[in-house]
Amino acid sequence: MIVLGSTSEVAQAFVEKALQEGEKFERIYLFTSSRETTERFARHIDVKFLQQSEVIEIDLMKEIDYNKFDHVSSNVLFCAAGYLGDGTEEGLYDNRNTEKIININYSKLVPVMNFFAQKFESRRSGTIIGLSSVAGDRGRQSNFIYGSAKAAFTAYLSGLRNYLFDKKVHVLTVKPGFMATKMTEGLPLNPKLTATPKQAADCIYKAFKKQKNVAYVLPVWGIIMMIIRNIPEFIFKKLKL
Amino acid sequence: MKPNFTQKVTNWGNFPVVEKEMRSEDSFKKIKEFVLSHNEVIARGNGRCYGDASLGETIFSTKKLNKFISFDRLNGIIECESGVLLSDVLEISVPQGYFLYVTPGTKFISVGGAIASEVHGKNHHAEGCFSEYVTEFKLMTEDGNIIICSREENSDKFWATIGGMGLTGIILTVKFKLKNIQSAYIRQESIKAENLDEIFRLFEESENWTYTVAWIDCLQKGKNLGRSILMRGEHAFQHELPQNLAKQPLRLKKKLQPTVPFYFPGFVLNALTVKIFNLLYYKKQTKKEVKSFIDYETFFYPLDAITDWNKIYGKSGFIQYQMVIPKEAGKEGMKQILETIAASGNGSFLAVLKLFGKNNPEAYNSFPFEGYTLALDFKVNSKLKKLVDKLDDIVQQFGGRIYLTKDSMSRSSLTNYLKNIQSSKFVSLQHKRIINNNS
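What counts and how
- Residues numbered from 1 in each chain as written.
- Chains lettered and ligands numbered in written order.
- Predicted model: local features only at pLDDT ≥ 70, side-chain atom pairs only at ≥ 80, totals over all residues.
- Heavy atoms only, no water.
- Helix = DSSP H or I, 4+ residues; strand = E, 2+ residues; numbered from the N terminus.
- Rg over C-alpha atoms; globule rule 2.2 N^0.38 Å.
- Buried < 20%, exposed > 50% of the residue type's maximum accessible area, 1.4 Å probe, protein only.
- Disulfide = S-S within 2.5 Å.
- Axes fitted to C-alpha atoms, helices over the stretch in contact; angles between N-to-C directions.
- Parallel < 35°, antiparallel > 145°, perpendicular 65-115°, else oblique.
- Left-handed = near helix turned anticlockwise from the far one by under 90°.
- Contact = heavy atoms within 4.5 Å.
- Nonpolar A, V, L, I, M, F, W, Y, C, P; charged D, E, K, R; others polar.
- Pairing = 2+ DSSP bridges.
- Buried area = accessible area lost by both parts, 1.4 Å probe.
- Salt bridge = Lys/Arg side-chain N within 4 Å of Asp/Glu carboxyl O.
- Arc of directions from axis to C-beta.
- Phe/Tyr/Trp six-rings, centres within 6.5 Å; stacked < 30°, edge-to-face > 60°.
- Lys NZ or Arg CZ within 6 Å of the ring centre and 35° of its normal.

Side note on the overall build of chain A
1) Next: Scanning chain A from N- to C-terminus turns up nine helices and nine strands.
2) Next: In terms of overall dimensions, chain A is globule-like: its C-alpha atoms have a radius of gyration of 18 Å, near the 18 Å expected for 241 residues.
3) Next: When the backbone C-alpha atoms are referred to their principal axes, chain A occupies close to 55 × 35 × 35 Å.
4) Next: A total of 241 residues make up chain A; the buried ones form 53% of that total.

In structure tokens, the structure reads:
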């Protein structure tokens, strides 16, 4: 398995879930910008599951040397790389913040995804799982820079799914909704709408096995987003969402 | 949305509830920043202690310190971060033929919490407390430095931290020994006792058993006072097991996990329902003595089988009252305690009696000492404080003390027994309450 964004709690929970379910991987490639935290996870899965892994540093904000991961090959790619950034008014007019959100969630991420997608395509097998967001379903004033980057990522995954369909590669888009993770710690989230990383991993694993195309982590989010998508624009623009 | 780390926090008894800042980090660097930037910090594991023990002005949750570091499968030595739960340890160790030397009645506590609370189990008389098997741990002290603590290195901090209720710092990682087992099953004998005399006799007769514990019906009076069932057990050897279990002795079948979906309304638990429950529990076993093989989960963690069982006590919550009374005074003390409870009508759904063995004098903050210990659950209501006062009187009179991990309203003369705790940084609401009541 190849994991992009290996410090993500959802990614780690998914790796554990897959190993618990008895999935076999010759090696797990853990891509990360934070070597220390990821090496701890690598040791953890070695102790717990006797699973070999390799930590590979990658910084989406810098030039990427693809030669470093030429040897990386697997049948599952799990992409949890993402960056929430600052959605407030100050964040909106801070170009560094804006660029970082767009780069990490979309523009710098997609070429890396493509690098691996090409390998999957030539093998004619495998699954690509991308963590997008319900924020990408419709732009809302509270975090639309992040939302727009995720909307682009959702569109990319949908196109990729279409492109890889007859090449026997499956693409799963996951839209997690609120999650209780590092990214959202301290934010006032409704507990009924918030999934733990473990819940998310269980749901994603199920969707992966069933070869689903799009999965909301908590089913209620499917309904919420259907409503939000269908509010007429002349009303929506007046809402404080 | 700006982060606001203030939230409602409560321990397993759902009493008391506080609104405080709680944070969790997984990098030691960030934990240091957190410690240095706050005046009062207390570490908290999985929140399975009762009362106000792991609550403070700012709470550091070790939930994200949940990784294993190493497992020496030859010698049974495991190292992990402090937020790893005992259930996680068992998940990987049992199939390899290893078990925890000491486990409390729930497996959902963190390894760090096991040290801070210096937990004991059904084998205290035979194998002591959790710390006996801890070889070393890493502790973050109030200056944000990380020190290694063991019997040889920083041994003063090592012993102060054991049973120290988190008041010496934040435990980051722990290394400890596991015990060899041949199977995941326990050879159990359960024996009914008519009254207090009989149960005390049974305890003393069972001294050679590794695990002993008694469930006690605390609403009985007169000649039935102390009616109970003693359970004693040993890890089963593979050759002892019946054929159907011997094939895969280290694997348990998956069971259904019922959940308590919501807080029960207040009237559900009352003297009558507790009485009926206890009667059914006692009568379920029709023979005087039953021998059986049961899986370790049923033997050690019967309540873990019901997720969120604490909600049975309703929104006002419950307390767990656990005391120890010196052995020589044990029978008389227990008699008075049980009489007081029976007279109050404030029955305990769950009452567990145990005989503690000798304590380890080096682990001076450890709760257990040689004597009898009784743990009782009481629903929080307007009459409870009065009952606790009466029970505290008896415990004091017989020279006993209260387990800090479960304390929330006992008098400070029974709970102020920690030594060598000097930090002004690591402070819990419980510690403040005890100190303030004492002065």
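Resuming the write-up.
Here we look at the state of the cysteines
1) Next: Inspection of the entire model under this criterion finds zero disulfides over all chains.
2) Next: In this model Cys79 of chain A remains outside any disulfide bridge; the closest cysteine sulfur is found in Cys203 of chain A, 17 Å from its own.
3) Next: What makes Cys79 of chain A buried here is its relative accessible area of 0%.
4) Next: The thiol of Cys149 of chain B is unpaired, and the distance to the nearest cysteine sulfur, on Cys80 of chain B, comes to 16 Å.

Points about the packing of helix H4 (residues 95-107) of chain A against helix H6 (residues 144-164) of chain A
Residue and element names in this part refer to chain A.
1) Next: Contact pair H4 / H6: the axes reach a minimum separation of 9 Å and the direction vectors enclose 20°. As summarised for this structure, H4 and H6 are arranged roughly parallel, according to the angle between their axes. Classified by chirality, the crossing of H6 by H4 is right-handed. Residues Thr98, Ile101, Ile102, Asn105 and Tyr106 of H4 lie in contact with H6, whose contacting residues are Ile145, Tyr146, Ala149, Lys150, Ala152, Phe153 and Tyr156.

Some thoughts on the packing of helix H1 (residues 9-20) of chain A against helix H2 (residues 35-49) of chain A
Residues and elements named next belong to chain A.
1) Next: The contact between H1 and H2 brings their axes to 11 Å, and the two run at 15°. In this view, H1 runs roughly parallel relative to H2, as classed from their interaxial angle. Seen from above, H1 lies across H2 with right-handed handedness. For the pair H1 and H2, the contacting residues are Gln12, Val15, Glu16, Leu19 and Gln20 in the first and Phe41, His44, Ile45, Lys48 and Phe49 in the second.
2) Next: For the contact of H1 with H2, the residue count by class is five nonpolar, three polar and two charged.

Overview of the pairing of strand S9 (residues 146-150) of chain B
Residue and element names in this part refer to chain B.
1) Next: Direction of pairing for strand S8 (residues 134-140) relative to S9: antiparallel, over a ladder of five bridges. Note that in S9 the partner of Lys138 across the bridge is Ile148.
2) Next: The hairpin formed by S8 and S9 contains five residues between the paired strands, and Gly144 there has a positive phi angle of roughly 85°.

Some points on the environment of Ile337 of chain B
Residues and elements named next belong to chain B.
1) Next: Looking at the element boundaries, Ile337 is found in helix H10 (residues 330-344).
2) Next: On a C-alpha basis, the gap between Ile337 and Thr259 in space is 33 Å, while along the polypeptide they are 78 residues apart.
3) Next: Residues in contact with Ile337, not counting those within four places in the same chain, are Met323, Ile325, Leu374, Leu391, Ile394 and Val395.

Quick notes on the interface of chain A and chain B
1) Next: Counting from both sides, the interface comprises 20 residues of chain A and, opposite them, 23 residues of chain B.
2) Next: Both sides together, the interface formed by chain A and chain B hides about 1,900 Å², and carbon and sulfur atoms give 53% of it.
3) Next: Per-residue buried area on chain A facing chain B is highest for Arg40, Val47 and Glu185 of chain A; these three make up 34% of the total on that side.
4) Next: Between chain A and chain B we count two salt bridges in total.

With respect to helix H13 (residues 429-438) of chain B
Residues and elements named next belong to chain B.
1) Next: Of all the positions in H13, only Leu429, Gln430, Arg433 and Ile434 are classed as buried. Summarising the axial view, the buried residues of H13 lie within an arc of 135°, below the 170-degree limit, and thus occupy one face.
2) Next: In the core, the buried residues of H13 are packed alongside strand S2 (17-24) and helix H12 (412-415).

Digging into the sheet that holds strand S16 (residues 351-356) of chain B
Residue and element names in this part refer to chain B.
1) Next: Across the sheet, eight strands lie side by side as S14-S11-S13-S12-S16-S17-S15-S18; this open sheet has antiparallel pairing. Of all the strands in the sheet, just strand S14 (289-295) and strand S18 (401-402) have a single pairing partner and so form its edges.
2) Next: Sheet topology places strand S11 (residues 185-193) next to strand S13 (residues 228-235); eight bridges connect them, and they run antiparallel. Across the sheet, Ser190 pairs through a bridge with Met231, a residue of S13.
3) Next: In this fold H10 packs onto strand S12 (211-216), strand S15 (318-326), S16 and strand S17 (371-379), with an angle of close to 10° to the strand it touches most, S17.

Some details on the sheet that holds strand S3 (residues 41-44) of chain B
Residues and elements named next belong to chain B.
1) Next: Read across the sheet, four strands follow the order S1-S2-S4-S3 without closing on themselves; strand pairing throughout is mixed. Either end of the sheet is taken by a strand with one partner, and the two such strands are strand S1 (6-10) and S3. Neighbour-to-neighbour, the strand axes of the sheet open up by a mean angle of 50°, direction not taken into account.
2) Next: Looking at chain direction, S2 and strand S4 (residues 58-61) are connected through four bridges and run parallel. Counterpart to Ser24 in the pairing with S4 is Ser61.
3) Next: Of the strands in this sheet, S2, S3 and S4 are in contact with helix H1 (residues 28-36), which crosses S4 at around 170°.

Here's the deal with the packing of aromatic side chains
1) Next: Per the counting criterion, the structure on display carries 36 aromatic pairs over all chains.
2) Next: On the basis of an interplanar angle of 75° and a centroid distance of 4.9 Å, the ring pair of Phe178 of chain A and Trp221 of chain A is categorised as edge-to-face. One end of the pair, Phe178 of chain A, is in strand S7 (residues 178-179); the other, Trp221 of chain A, is in helix H8 (residues 219-230), and 43 residues separate them in sequence.
3) Next: Overall, Trp221 of chain A belongs to the buried group, its relative accessible area being 5%.
4) Next: Ring geometry for Tyr296 of chain B versus Tyr301 of chain B: centroids 6.5 Å apart, planes at 85°, classification edge-to-face.
5) Next: Among the aromatic residues, ring-to-ring pairing joins Phe99, Tyr211, Tyr296, Phe299, Phe300 and Tyr301 of chain B into one connected group.
6) Next: One Lys or Arg, Lys100 of chain A, reaches over the ring of Tyr83 of chain A and ends 4.6 Å from the middle of that ring.
7) Next: Between Lys122 of chain B and the ring centre of Phe299 of chain B, over which it is positioned, the NZ or CZ distance is 5.8 Å.

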